[in-house]
Protein chains: 2
Amino acid sequence: MDYPQKTNSQDFSQEQLILDAAMKVFMRKGYDGARMQEIADEAGMNKALLHYYFRSKEQLFQKIFKESFRKFWPTIELTLTIDNSDIRKVIRAIVDGYVTMLETMPYLPNFIIGEINRNPGKVADLIKDSGIKPQAIITALTQAMNRGELVRMNPHELIIYLIGLCVFPVLARPLIGQMLYENNEAYQQFLANRCESVYDFICRSVCIDTNNPG
Amino acid sequence: MDYPQKTNSQDFSQEQLILDAAMKVFMRKGYDGARMQEIADEAGMNKALLHYYFRSKEQLFQKIFKESFRKFWPTIELTLTIDNSDIRKVIRAIVDGYVTMLETMPYLPNFIIGEINRNPGKVADLIKDSGIKPQAIITALTQAMNRGELVRMNPHELIIYLIGLCVFPVLARPLIGQMLYENNEAYQQFLANRCESVYDFICRSVCIDTNNPG
DNA sequence: GTCTATACGGTGATAGAC
DNA sequence: GTCTATCACCGTATAGAC
């Protein structure tokens, strides 16, 4: 009988437990701050097993990082499969996509940005490997500008501002929460409403009402 | 003769050399990634001297971090000593202040945000120690809203967006540069022009032209 | 596959000569 | 104050029993 390589139905499960644990620990501590022991504890197994499955800390980290990176960017591309004819809907979808994603993974931006700054030289390879290209969104924005729905500006810059407005509130969360909101309650409120807030802020800046020109 | 404690005119200079070196290394590598040996090399002196002057890595780090934090935030408060009657000038001054500061210290935001996420519990003390309060800017924004110069919105949110738009392009620099600008030249161009670009983006969103109401 | 024990290198910190 | 030498510890990684 020619079953797949897996001879033990627990194999994948163990590997996945490690990956999940590693994701948690690396995201919070970064590469330098993470400890293999902590990942083992989090996964509820022995430290030696991590090396059995992934050889080294570096290789385990690479797996986690590539996966994280994939989750960080494509949000913006995938939303473009929706109706392109109204640029407001596109912007709304992008903002919603980011905000929703960040609710479940609030540590992601800090992790990605921290590690990318720690090792900027590897970014090129990383992007090449991921196969991600921002072309779709650039095209959509440019077309909207040509249709007169968007203020004319460099589409690259608009993308940066768009992502920045979604991501920065989460990135600087401890700082903002403490500095501007003393208690956490009001800040929770802001985070909950920021789909609307960010969308409004962007639209007021760049969207042109084509029904009432002038 | 009662000269000050300093019997050796080099004392201060040595201490300062260490602080400068530590700033460089901590900013790029973070606490976990930084090595006392590397700081010593950067300062051009022996590793043991770091401990002689600052006792431990932790204490040296605290000095650097508090100093960095002081540089990161007050930009926004200090600019408020300028003319408050035109909110556009205030916004312009804040954006200029941040962008200029970031040109000389591009690693600052990543450092601050990374370390704050690494140790969120200490943020409250840090802010208390620094004595920084965002009250002046909040008041200025609220007054401008009451005068009808600004769109009505939560002033806290506006501050977050303002800082985010200035800071994010630098934070995500390696990512943006590679993903959106393949070569470095066009990105340099964007960074050079972003005082204007960010200012325009914000003003279009929130500033109301009081000469032509309606 | 999973565990325990251990080798190995690196890092913060100190002792002690000068 | 500044150096060299060294310690004690911790963290990654491996060896080897089961």
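Just so it is clear, the structure is predicted and the values come from calculations on it, not from any experiment.

Draft legend 1. Main features of the overall build of chain A. Check the secondary structure of chain A and you find 12 helices and zero strands. Starting at the N terminus, the α and β elements of chain A follow one another as α-α-α-α-α-α-α-α-α-α-α-α. The buried share among the 214 residues of chain A stands at 51%. In chain A, the proportion of contacts linking residues at least 24 apart, taken out of those at least 6 apart, comes to 68%. Accessible area of chain A: about 10,700 Å², with a carbon and sulfur share of 49%.

Draft legend 2. Expanded view of helix α3 (residues 47–54) of chain A. Here α3 of chain A starts with a cap whose side-chain oxygen sits 2.8 Å from the backbone nitrogen of Ala48 of chain A, and that cap is Asn46 of chain A. Of the residues flanking the end of α3 of chain A, it is Arg55 of chain A, one or two places downstream, whose phi is positive at about 70 degrees.

Draft legend 3. A look at empty space enclosed by the protein. Summed over the entire model, instances satisfying the criterion amount to three cavities of 30 Å³ or more. Of the volumes computed, that of the largest cavity is approximately 370 Å³. In this structure, the largest cavity is lined by 28 residues; those nearest its centre are Lys29, Gly114 and Glu115 of chain A together with Gly114 and Glu115 of chain B. Counting residues per element, the ones that place at least two in the lining of the largest cavity are α1 (11–33) and α7 (108–118) of chain A together with α1 (11–33) and α7 (108–118) of chain B. By residue class, the composition of the lining of the largest cavity is eight nonpolar, 10 polar and 10 charged.

Draft legend 4. Region of the structure containing the packing of aromatic side chains. Overall, the coordinates contain 27 aromatic pairs over all chains when judged by the stated rule. For the ring pair Tyr31 of chain B and Phe61 of chain B, a centre distance of 4.9 Å and an interplane angle of 70 degrees mean the geometry is edge-to-face. Here the residue Tyr31 of chain B occupies a position in helix α1, and Phe61 of chain B occupies one in helix α4 (residues 57–72), the gap between them amounting to 30 residues. For the pair formed by Tyr31 of chain B and Phe61 of chain B, the shared burial category is buried. Geometrically, the ring pair formed by Tyr181 of chain B and Tyr187 of chain B is tilted, given 5.3 Å between the ring centres and 40 degrees between the ring planes. As far as burial versus exposure is concerned, Tyr181 of chain B and Tyr187 of chain B are alike and both buried. Every member of this aromatic cluster is reached through a ring pair, and the members are Tyr161, Tyr181, Tyr187, Phe190 and Phe201 of chain A together with Tyr161, Tyr181, Tyr187, Phe190 and Phe201 of chain B. The cationic tip of Lys57 of chain A hangs over the ring face of Tyr31 of chain A; the distance from NZ or CZ to the ring centre is 4.5 Å. Looking at Arg92 of chain B, its charged tip hangs above the ring of Tyr199 of chain B, at a distance of 5.1 Å from the centre.

Draft legend 5. Broad picture of the interface of chain B and chain A. Contact with chain B, which involves 48 residues of that partner, is made by 49 residues of chain A. Taken together, the connections running from chain B to chain A amount to zero salt bridges. Contributing elements (two or more residues each) for the side of chain B that touches chain A: α1, α4, α7, α8 (123–130), α10 (155–171), α11 (173–179) and α12 (185–206) of chain B. With 13 residues, α10 of chain B is the largest single contributor of residues to the side of chain B that touches chain A. Its residues assigned to classes, the side of chain B that touches chain A shows 34 nonpolar, 10 polar and four charged.

Draft legend 6. Spatial organisation of the state of the cysteines. What the rule picks out here adds up to zero disulfides over all chains. As a non-bridged cysteine, Cys207 of chain A has Cys203 of chain A as the owner of its nearest cysteine sulfur, 3.4 Å distant.

Draft legend 7. Spotlight on the pattern of salt bridges. Taken as a whole and assessed by the stated rule, the structure comprises 22 salt bridges over all chains. Of the charged contacts, one joins Arg70 of chain A and Glu67 of chain A as a salt bridge, the two residues approaching to 3.1 Å between their closest N and O atoms. A residue pair is termed a helical-turn pair when its members lie 3 or 4 positions apart in one helix, as Arg70 of chain A and Glu67 of chain A do in helix α4 (residues 57–72) at three residues. Put simply, Glu67 of chain B and Lys71 of chain B hold a salt bridge, and the shortest N to O gap is 3.6 Å. With a gap of four residues between them, Glu67 of chain B and Lys71 of chain B both fall in helix α4, about one helical turn apart. Here Glu67 of chain B falls in the partly exposed class, since its relative accessible area comes to 29%. Taken together, the salt bridges that share partners define one network made up of Asp32, Glu115 and Arg118 of chain A.

Draft legend 8. Highlighting the packing of α10 of chain B against α12 of chain B. All names here are of chain B. Between α10 and α12, the least distance of the axes is 10 Å, while the angle of their chain directions is 165 degrees. Judged by the angle between their axes, α10 and α12 are roughly antiparallel. You can see that α10 and α12 cross each other, and the crossing is right-handed. Judged by residue contacts, Leu158, Leu162, Leu165, Cys166, Pro169 and Val170 of α10 engage Tyr187, Phe190, Arg194, Val198, Phe201, Ile202 and Val206 from α12. Here the residues of the contact of α10 with α12 sort into 12 nonpolar, no polar and one charged.

Draft legend 9. The side chain of Glu115 of chain B, seen in detail. Assignment of secondary structure puts Glu115 of chain B in helix α7. Apart from the residues within four sequence positions on either side, Glu115 of chain B is in contact with Gly30, Tyr31, Phe61 and Phe65 of chain B.

Draft legend 10. Structural context of the nonpolar core. Judged by nonpolar contacts, the single largest core of 158 residues is most densely connected at Phe26 and Leu150 of chain A together with Phe26 and Leu150 of chain B. The contact partners of Phe26 of chain B, leaving out residues within four places of it in the chain, are Tyr31, Ala34, Ile39, Lys57, Leu60, Phe61, Ile64 and Phe111 of chain B.

Conventions used here
- Residues numbered from 1 in each chain as written.
- Chains lettered and ligands numbered in written order.
- Predicted model: local features only at pLDDT ≥ 70, side-chain atom pairs only at ≥ 80, totals over all residues.
- Heavy atoms only, no water.
- Helix = DSSP H or I, 4+ residues; strand = E, 2+ residues; numbered from the N terminus.
- Buried < 20%, exposed > 50% of the residue type's maximum accessible area, 1.4 Å probe, protein only.
- Contact = heavy atoms within 4.5 Å.
- Areas by Shrake-Rupley, 256 points an atom, 1.4 Å probe, with all protein chains shown as cover.
- Polar contact = N/O pair within 3.5 Å; in protein donor to acceptor, adjacent residues only side chain to side chain.
- 1 Å grid on protein atoms, 1.4 Å probe; cavity = no way out; pocket = protein on both sides within 12 Å on 5 of 7 lines; lining within 4 Å.
- Points joined across faces, edges and corners; volume = space filled by probe spheres on them.
- Nonpolar A, V, L, I, M, F, W, Y, C, P; charged D, E, K, R; others polar.
- Phe/Tyr/Trp six-rings, centres within 6.5 Å; stacked < 30°, edge-to-face > 60°.
- Lys NZ or Arg CZ within 6 Å of the ring centre and 35° of its normal.
- Salt bridge = Lys/Arg side-chain N within 4 Å of Asp/Glu carboxyl O.
- Disulfide = S-S within 2.5 Å.
- Axes fitted to C-alpha atoms, helices over the stretch in contact; angles between N-to-C directions.
- Parallel < 35°, antiparallel > 145°, perpendicular 65-115°, else oblique.
- Left-handed = near helix turned anticlockwise from the far one by under 90°.
- Core = buried A, V, L, I, M, F, W, Y, C linked by side-chain atoms within 4.5 Å.

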